[in-house]
Number of protein chains: 2
Amino acid sequence: MDNFIYSIPTIAYFGKGQINILGETIKAHGGSKILLAYGGGSIKKNGIYDAILKQLQKADISYVELSGIQPNPRVESVDEGIRIYQENNCDFILAVGGGSTLDACKAIAAGVKYDGPVTDLFVNESGLSNIAAAAPLATILTMAGTGSEMDMGAVITVGKDHKKKVILHPLVNPRFSILDPEYTFSVPEYHSMAGVADILCHLMEQYFTPDANAKVQDRMNEGVMKVVLEDAPKILANPEDYDARANIMWASSMALAGFQFMLGKPMFPFPLHGMGHELSSMYDMTHGVTLALVTPSWMRHTMQKAPQYLPIFARFARNVFDICEKDNAAASEKGVRQLEAFYNAIKMPANLRDAGVKEEDLETIAEKAVERGNLGILTSIGKEEVLQIMKEAF
Amino acid sequence: MDNFIYSIPTIAYFGKGQINILGETIKAHGGSKILLAYGGGSIKKNGIYDAILKQLQKADISYVELSGIQPNPRVESVDEGIRIYQENNCDFILAVGGGSTLDACKAIAAGVKYDGPVTDLFVNESGLSNIAAAAPLATILTMAGTGSEMDMGAVITVGKDHKKKVILHPLVNPRFSILDPEYTFSVPEYHSMAGVADILCHLMEQYFTPDANAKVQDRMNEGVMKVVLEDAPKILANPEDYDARANIMWASSMALAGFQFMLGKPMFPFPLHGMGHELSSMYDMTHGVTLALVTPSWMRHTMQKAPQYLPIFARFARNVFDICEKDNAAASEKGVRQLEAFYNAIKMPANLRDAGVKEEDLETIAEKAVERGNLGILTSIGKEEVLQIMKEAF
C-alpha cells in the first residue's frame, strides 16, 4: 500500500428534514450574509427554496442570489457569482442543487479570495489548484451522483469549445452538506439514472488502478458498487422508495469522500472522465451518460492491451457481479457484459450513435481528450487509443 | 435508513516514515508545549521515541512526559496526566501507543479543560459525555486494533473493582493520527491477534443490529471484515508483512472512524464490549481476547432467542465467509463455526476456562455487566442472559 493522507472535513447531515439545522449551522460556521446559489429554479416548485428562506430568516441570516446555473456550469456563471458575492460583502456560500451548482460554487468560493481570474485556479502540474484561501461553503444536495457534496473537486466549462477544466483543493471541500433523500424523489428518471452511472464510474475509476494491495479500500469500494447495482432499479420501479434513494445518495457521497477508495493506490487520472468530459463539451450531454457510454469499451480495450491487469477485471466481475468463472479473461468479459446489461436496465443509451454522437466528430473528440496528456493508468491512452475506444463504443 | 450525522474530524497520515510530518503538524495545530504520553517504554527500544524527540526539537516544541500508562488504563493515570499538563502549561497532547495510551489521553484532553473530577465526564444518560472543551490531541499508533486513533471514544478503568467507564464526545477525536504500519512489526503475536479480534468485534457490533436497510454501511463493513479475516493470518506467518500490517491497521481505523458503519442504524449498546469489559476488569485480561471469547456464544444465544434476526446472521455468513447455504439457520451456524475456526487460527483461547476464568466468578461478572442496564440490541440481555452466554462460552 502506498502512503496517503486521509482527510474528510465535510460534515454530512443525512436524512429526512435535516434542512432544519441549516440556519443555526451556517451561523455556527460564521455565515451571516450568504450567497444563495441554485440552478434552473426547480427548488421553487418543490418547496426547498421556501424551507431555506424560512431557516435563514429564523437565524437572522441575510442573502443575495445567484440563479440559473446551467448543467456543465460555465466560467461565466462563476464570474457572476464572484461579482455578486464581493459586491454584497458576503461571508458564506450556500449551493443548492446537483453537481453543476455545487461545482460552480466551489469555483466561486476559491475565486472570491483570489485577486485575479478564476481560470488561474485550474489544476496545475502539481495535480492540485493553487488556492490559498476560500470562502466557506455549504451544500444542499437535490440530486445524487456528483459526489461534489463531500469532495474537493469541481469541473468548470470554459471557452467556445466548452473545454472542461478542473479545480481540486481541500479548501473548497464543503463545510457541511445536507443530504435529504426525499429531495431527490422528484428528479426525473433520466437524470436519476445518469447520476447512478456517475456514482458507479467514480467507484470504478478508483477501482481500476494497478494493484497496490490496498484491500480495505477495494473491498469497501466493491461493497458500495453492489449497493448501486441493487438499488438503482428500485428507484426506476418507485421513484419515492426512500431507502433506495437514501442508499444511492449515500453511495454518491461515500464514492468521492476524500477519494477514500483510491487512497494508498496509484493516483488518477480518471480516464473515463477524461473521455466523457469531451462528449459533454461537444454535445452538452449529461455527464453520467457520457461515462456509461465509454466504460465498457474502455474496459475491453484495457483488458486486451494490458492482459496483466485481467486479474483486476476478473476480481471486479467476481466480487461485484458474483460471477463464478475461474478463467480471468472469461470472468472479465462476463463482468463487462453484466455491466452493459445494467446500463441497459437503467436506460442508458446503447451506444454513442444512439446518444447522438456523429462519427465525423470522433477524431476531434479524441484529439481534445488527450490535450492535457495521456489518459491511461492501466495502459497508455493517447489520441489513437481514445479513437479506438470511441469507435468501439459507437 | 435512520437520520444521521457523519463527521470524521481526524486527519490520518498513513504509511512509512509519516513521523516526518509530526513537528510541523503539531505546530500547525497550535502546539508549542506538549504532554508526551506513552506506556511501558517499548517506544524507547524501537526508535520511535528518538524519532519523536528529533521532530519536536526540529520544530522547536518543548515537552513534558507522562509514562507508564498501563493496559486497561486507570483513572489515576489520567489524573496524573491532567496534573502534569496543567502544572507545565501545556497546550497539546501527543499520545504514543495503543488503545490504552490513546484512551487515557482522550480523558486527559477533556479533563484539563474541566474544573472538577474527570469522573464527571463519563457518559451520561444522553449517551455522550458532558464535555464543553478539550485540549488538542494527536496520536501515533503503535498497535492496531483499538480504533481510538480515529474515533471519539475512550474507556477508563476506575475503582477497586476495576469498573470500565466510557468517555464519548466528538471533542476528544484526535486532530491527527500518524499510522505507520512498520511501527506494528514488533508487536508480539498475542497482542497483534488480540488487536485483530478487537477490530473484528468493532465491525460486528455495528453489523448486528436490527436491519435499517443501511446497505452502503453494511456492505462496506462486510468488505473490511473480509480483509481482516484474510490478512490476519499473514501477520502470523510473517510479522513484517508490510501490506498485511497496513491493511489490518487501516481496517482498525476505518472500523470506528465516525462509527461510520452504524450510521443510519439503531445505535449501540455494543453488547459484546459490555460483557468483555467485565472479563478485563476481573482478570486484567487483554481486551480483544475477551471479545473473541464471548462472541460465538452471544451469536448462538441471539440466533436462538431472536430467530427473526437469523437473516442477518445468515447474510454475515454468506457475505463475509462466502458460505453457500440457502437455509438461514444452517448458514448462520456455519458462519459461527467459521468465526470460531478463525479465532482458533489466530490463537485466541478456546474458551473462558482456558483463558483462566473461574466458574464461580461468572455470577458476579454477569451482575456487573448489566449494572448500567440491559446489554441487548437484537434481544434483551439481562443478568440471566449474560450468565447463559458466559456458561456457553466456558
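Everything numeric in this text was worked out from a predicted model, so none of it was measured.

J.: Help me understand the overall build of chain A in this model?
T.: A tally of regular secondary structure across chain A gives 14 helices and 8 strands. Taking 394 residues into account, the globule formula puts the C-alpha radius of gyration at 21 Å, and chain A, at 20 Å, falls close to it. Across chain A, contacts joining residues at least 24 apart in sequence account for 77% of those joining residues at least 6 apart.

J.: Where do I start with unusual backbone geometry in this structure?
T.: For residues besides glycine, phi is generally negative; the peptide bonds are generally trans as well. Backbone geometry at Asn213(A) places phi at a positive 60 degrees, although glycine is not the residue there. Tracing the sequence through the fold places Asn213(A) in the loop between α6 (189–207) and α7 (215–237).

J.: Got a minute to help me understand the interface of chain A and chain B in this structure?
T.: When the parts of a complex come together, some accessible area is lost, and that lost area is often used as the size of the interface. With 33 residues of chain A in contact, the opposing surface of chain B contributes 33 residues. Contributing elements (two or more residues each) for the side of chain A that touches chain B: β1 (4–14), α7 and α8 (242–256) of chain A. Here the side of chain A that touches chain B takes 10 residues from α7(A), the largest share from any one element. Broken down by class, the residue content of the side of chain A that touches chain B amounts to 17 nonpolar, 8 polar and 8 charged. In this structure, β1(A) lies alongside strand β1 (residues 4–14) of chain B, joined through 7 bridges in antiparallel fashion. Considered in β1(B), the bridge of Ile5(A) is made with Tyr13(B).

J.: Sorry, what's going on with the domain arrangement of chain A here?
T.: All names here are of chain A. Under the domain assignment used here, chain A contains domain 1 (11–183) and domain 2 (189–393). The distance between the C-alpha centroids of domain 1 and domain 2 comes to 26 Å. Listed as interface residues are 21 residues of domain 1 and, on the opposing side, 26 residues of domain 2. Only β1 and β7 (163–168) provide two or more residues apiece to the side of domain 1 that touches domain 2.

J.: Could you clarify how one ought to interpret the relation of the copies chain A and chain B in this entry?
T.: Two copies of the chain are present, and they differ by a rotation about an axis and a shift along that axis. For the pair chain A and chain B, the superposition axis carries a translation of 0.0 Å, the fit reaches an RMSD of 0.0 Å, and the rotation angle comes to 180 degrees. Put plainly, the chains are arranged around a two-fold axis. It is Met220(A) whose C-alpha, among those of chain A, lies nearest the rotation axis, at 2.2 Å. Taken together, the interface assignments show that 100% of the residues at the interface of chain A recur at the interface of chain B, consistent with an identical surface on both copies.

J.: How should helix α11 (residues 310–321) of chain B be read in this particular structure?
T.: Each turn of an α-helix holds 3.6 residues, which means side chains three or four residues apart point in the same direction. Residues and elements named next belong to chain B. Taking 1.5 Å of rise per residue, the 12 residues of α11 would be expected to cover 16 Å, and the 16 Å separating its terminal C-alpha atoms lies within 8% of that figure. Among the residues making up α11, those that are buried are Ile312, Phe313, Ala314, Phe316, Ala317, Asn319 and Val320. Of the surrounding secondary structure, the elements contacted by the buried residues of α11 are α6 (189–207), α7 (215–237), α10 (287–305) and α12 (328–345). Remark: Asp322 follows α11 within two positions and exhibits a positive phi of approximately 55 degrees.

J.: Got a minute to help me understand the sheet that holds strand β5 (residues 137–141) of chain A in this structure?
T.: Within a sheet, each strand pairs with its neighbour through backbone hydrogen bonds, oriented either parallel or antiparallel. An order of β3(A)-β2(A)-β4(A)-β5(A)-β8(A)-β1(A)-β1(B)-β8(B)-β5(B)-β4(B)-β2(B)-β3(B) is seen for the 12 strands of this open sheet, with the pairing classed as mixed. Strand pairing shows two members of the sheet lacking a second neighbour, β3 (62–66) of chain A together with β3 (62–66) of chain B, which therefore form its edges. Each neighbouring strand pair of the sheet contributes to a mean axis angle of 25 degrees, computed without reference to strand direction. Alignment of strand β2 (residues 33–38) of chain A against strand β4 (residues 92–97) of chain A, held across 5 bridges, turns out to be parallel.

J.: Quick question: what am I supposed to make of the nonpolar core here?
T.: For soluble globular proteins, nonpolar side chains are generally found buried alongside one another. Membership of the largest hydrophobic core comes to 274 residues, with the highest contact counts inside it found for Ala37(A), Ile93(A), Ala37(B), Ile93(B) and Ala197(B). When neighbours within four sequence positions are excluded, Ile93(B) is seen to be in contact with Ile34(B), Leu35(B), Ala37(B), Tyr85(B), Cys105(B), Ile108(B), Ala109(B), Ala135(B) and Leu137(B).

J.: I tried to follow the confidence of the model for chain A on my own but got confused; where do I start?
T.: A residue-level look at chain A finds 100% of positions with pLDDT of 70 or above and a mean pLDDT of 96. Predicted complex metrics record ipTM = 0.96 and pTM = 0.96.

J.: Would you explain the pairing of β1(B) in this entry?
T.: On a regular strand, one side chain projects to one face of the sheet and the next to the other, so that they alternate. All names here are of chain B. The buried count for β1 comes to 8 of 11 residues, which makes it a mostly enclosed element. Sheet topology places β1 next to strand β8 (residues 176–179); 4 bridges connect them, and they run parallel. Each bridged residue has a counterpart across the sheet, and for Ala12 the counterpart in β8 is Ser177.

J.: Is there a simple way to think about the packing of helix α10 (residues 287–305) of chain A against helix α12 (residues 328–345) of chain A in this case?
T.: Each pair of packed helices gets described by two things: the angle between the helix axes and the distance between those axes. Residues and elements named next belong to chain A. Orientation of α10 relative to α12, taken along the N-to-C sense of each, is 175 degrees, at an axis distance of 10 Å. Relative to α12, the element α10 lies roughly antiparallel. The segment α10 lies against α12, with Ala292, Thr295, Pro296, Met299, Arg300 and Met303 engaging Ser332, Val336, Leu339, Glu340 and Tyr343. Each residue belonging to the contact of α10 with α12 can be placed in one class, and the counts come to 7 nonpolar, 2 polar and 2 charged.

J.: Please explain the pairing of β4(A) as it appears in this structure.
T.: Residues and elements named next belong to chain A. Of all 6 residues in β4, 6 are buried, a share of seventy percent or more. Every second residue of β4 is oriented toward a common face, with Phe92, Leu94 and Val96 on one face and Ile93, Ala95 and Gly97 on the other, all of them buried. Summarising the sheet, β4 and β5 pair through 5 bridges and their orientation is parallel. Paired with Ile93 across the two strands is Leu137, which belongs to β5. Each parallel crossover has a hand, and the one from β4 via helix α5 (residues 99–111) to β5 is right-handed.

J.: I tried to follow the environment of Glu182(B) on my own but got confused; where do I start?
T.: All names here are of chain B. Position of Glu182 relative to the elements: it lies in the loop between β8 and α6. In this structure the C-alpha to C-alpha distance between Glu182 and Ile69, which are 113 residues apart in sequence, comes to 22 Å. Those residues within four positions of Glu182 in sequence are excluded, and the remaining contacts are Lys16 and Tyr242.

Reading the values: rules and limits
- Per chain, residues are indexed from 1 in the order of the written sequence.
- Written order determines the labels here, with chains lettered from A and ligands numbered from 1.
- Local features in this predicted model are restricted to residues of pLDDT 70 or higher, and side-chain atom pairs are both shown and tallied only at a pLDDT of 80 or more, whereas totals for entire chains, interfaces and linings draw on every residue.
- Runs of E in the DSSP output that reach at least two residues are strands. Runs of H or I that reach at least four are helices, and both are numbered from the N terminus.
- Just to be clear, the radius of gyration here is over C-alpha atoms, and the globule rule we use is 2.2 Å times residues to the power 0.38.
- Residue pairs qualify as contacts under a 7 Å threshold applied to their C-beta atoms, which are placed from the backbone.
- Amino acids are sorted into nonpolar (Ala, Val, Leu, Ile, Met, Phe, Trp, Tyr, Cys and Pro), charged (Asp, Glu, Lys and Arg) and polar (every other residue, Gly among them).
- DSSP calls a pair of strands paired once it identifies at least 2 bridges connecting them.
- Domain delimitation follows an automatic or database domain assignment.
- Our superposition of the copies is a least-squares fit, built on the C-alpha atoms of residues whose pLDDT is at least 70 in both.
- Given the number of residues in a helix, its expected span is that number minus one, multiplied by 1.5 Å.
- Using C-beta atoms placed from the backbone, we call a residue buried if 20 or more other C-beta atoms fall within 10 Å of its own, exposed if 12 or fewer do, and partly exposed for counts in between.
- Between the N-to-C directions of two axes lies an angle of 0 to 180 degrees, each axis being a line fitted to C-alpha atoms and, for a helix, fitted only over the stretch in contact.
- For this entry, the nonpolar core is defined as buried Ala, Val, Leu, Ile, Met, Phe, Trp, Tyr and Cys residues connected by C-beta atoms within 7 Å.
- The predictor's confidence in any single residue is recorded as pLDDT, a number from 0 to 100.
- With respect to orientation, any angle under 35 degrees is reported as roughly parallel, any angle over 145 as roughly antiparallel, any angle of 65 to 115 as roughly perpendicular, and every other angle as oblique.
- Crossovers are described as right-handed under a simple rule: with the strands pointing away from the observer, the path leading from the first strand over the helix to the second runs clockwise.

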